[in-house]
Amino acid sequence: MSEILCSWIGDTDWLVQEGTPKKEDDKGPILRTLENNDWANRISEIHLLNNYPKRKSADFKKWLAKKTDAKIVCESVDLISPTSFAEIDQVATALVRSLPQNANLIYLCSPGTYVMQCVWILLSHNIFPATLIESSKEAGVQEIEVPFNISVKDLIDRADRAREQISDERRQYLPEFEAIQ
C-alpha cells in the first residue's frame, strides 16, 4: 500500500532549495524527512502545496526529484492570507480528496503557518485520517501524538448524548401542531 506525504513548502524549505539557508547545516523539514531512513523508505509519493507566488513549484520539484525516488507533485495555490482557516482548509481538503482513498497518508506539520499545521491536525482527526509528523534539526523526524480527541463525530455524539439526557423519550405527538402551515 502506498504512503503519501502531504506538506506545505515552507520558507526554510525554499531557502534550502535556493542554496541560502539561514543556518549553514539546515536542510528544512521536507528534505530532512526524506533523508530520514525511518520515513524515506515508506514514502512513495509526495504532494506539496506552494503558496509563494514568486517561487516556482516546478523549480522545487526539480530540485527535490534529485533527492528521492518518490513521485512528486507540487501545486501552486493562491491564498489571500496564509492564516485564513477557511482558505487553508479548502486547499488542503481538495488536495487530500484528490488522492487515492486506500492510501496511507502522512501529513508533515512542520512547514507553513500555524493555521496550516492546525488544518493538517484537524483533517487527520476527521474524515482524512493520517499519521502526523514533525521534523526539526534538534529532534529529527518524529510522529506527533495528539493527546486529545477532536473529531467532529465525537462532538456530534456528545451533543446527541446531552439531548438524550434532557429528554427521557422522543417528542410527544401533539395533534394541534398539524394545523400549523
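Keep in mind that this is a model prediction, so the values were computed, not measured. (Residues numbered from 1 in each chain as written. Predicted model: local features only at pLDDT ≥ 70, side-chain atom pairs only at ≥ 80, totals over all residues. Heavy atoms only, no water.)

## Here's the deal with the packing of helix 5 (residues 85–97) against helix 6 (residues 114–124)
For step 1, the next point in the chain: Contact geometry for helix 5 and helix 6: axes closest at 9 Å, N-to-C directions at 50 degrees. Between helix 5 and helix 6, the interaxial angle falls into the category oblique. Note that helix 5 runs across helix 6; the crossing there is right-handed. From helix 5, Phe85, Ile88, Asp89, Ala92, Thr93, Leu95 and Val96 reach across to helix 6, where they touch Val115, Met116, Cys118, Val119, Trp120 and Leu123.
For step 2, the next point in the chain: Across the contact of helix 5 with helix 6, the residue classes tally to 11 nonpolar, one polar and one charged. (Axes fitted to C-alpha atoms, helices over the stretch in contact; angles between N-to-C directions. Helix = DSSP H or I, 4+ residues; strand = E, 2+ residues; numbered from the N terminus. Parallel < 35°, antiparallel > 145°, perpendicular 65-115°, else oblique. Left-handed = near helix turned anticlockwise from the far one by under 90°. Contact = heavy atoms within 4.5 Å. Nonpolar A, V, L, I, M, F, W, Y, C, P; charged D, E, K, R; others polar.)

## Considerations on the layout of surface pockets
One simple way to see leftover space: roll a probe sized like a water molecule over the atoms.
For step 1, the next point in the chain: Reported here for the largest pocket is a volume of approximately 160 Å³.
For step 2, the next point in the chain: Lining the largest pocket, in full, are Thr12, Lys22, Lys23, Asp26, Pro29, Arg32, Ser135, Ser136, Lys137 and Glu138.
For step 3, the next point in the chain: Elements with a minimum of two residues in the lining of the largest pocket: helix 2 (29–35) and strand 5 (131–136).
For step 4, the next point in the chain: Here the lining of the largest pocket is built from residues that sort into one nonpolar, three polar and six charged. (1 Å grid on protein atoms, 1.4 Å probe; cavity = no way out; pocket = protein on both sides within 12 Å on 5 of 7 lines; lining within 4 Å. Points joined across faces, edges and corners; volume = space filled by probe spheres on them.)

## Concerning the sheet that holds strand 6 (residues 140–143)
For step 1, the next point in the chain: On the basis of which strands lie adjacent, the open sheet formed by six strands has the order 3-2-1-4-5-6 and mixed pairing. Among the strands making up the open sheet, the edge pair consists of strand 3 (71–76) and strand 6. The mean angle between the axes of side-by-side strands here comes to 20 degrees, regardless of whether they run parallel or antiparallel.
For step 2, the next point in the chain: Bridge count between strand 5 and strand 6: four bridges; the pairing is antiparallel. (Pairing = 2+ DSSP bridges.)

## Considering the pattern of salt bridges
For step 1, the next point in the chain: Going through the model one piece at a time under the given rule, you end up with six salt bridges.
For step 2, the next point in the chain: Taking the shortest distance from any N to any O, the salt bridge between Arg42 and Glu3 comes out at 3.1 Å. You can see Arg42 sitting in the loop between helix 3 (37–40) and strand 2 (45–50) and its partner Glu3 sitting in strand 1 (residues 3–8), a full 39 residues away along the chain.
For step 3, the next point in the chain: For Arg42, a relative accessible area of 33% puts it in the partly exposed group.
For step 4, the next point in the chain: Among the ionic pairs, Lys27 bridges to Glu35, the shortest N-O distance being 2.5 Å.
For step 5, the next point in the chain: Overall, Lys27 belongs to the partly exposed group, its relative accessible area being 38%.
For step 6, the next point in the chain: Connected through shared salt-bridge partners, Asp11, Glu18 and Arg55 make up one network. (Salt bridge = Lys/Arg side-chain N within 4 Å of Asp/Glu carboxyl O. Buried < 20%, exposed > 50% of the residue type's maximum accessible area, 1.4 Å probe, protein only.)

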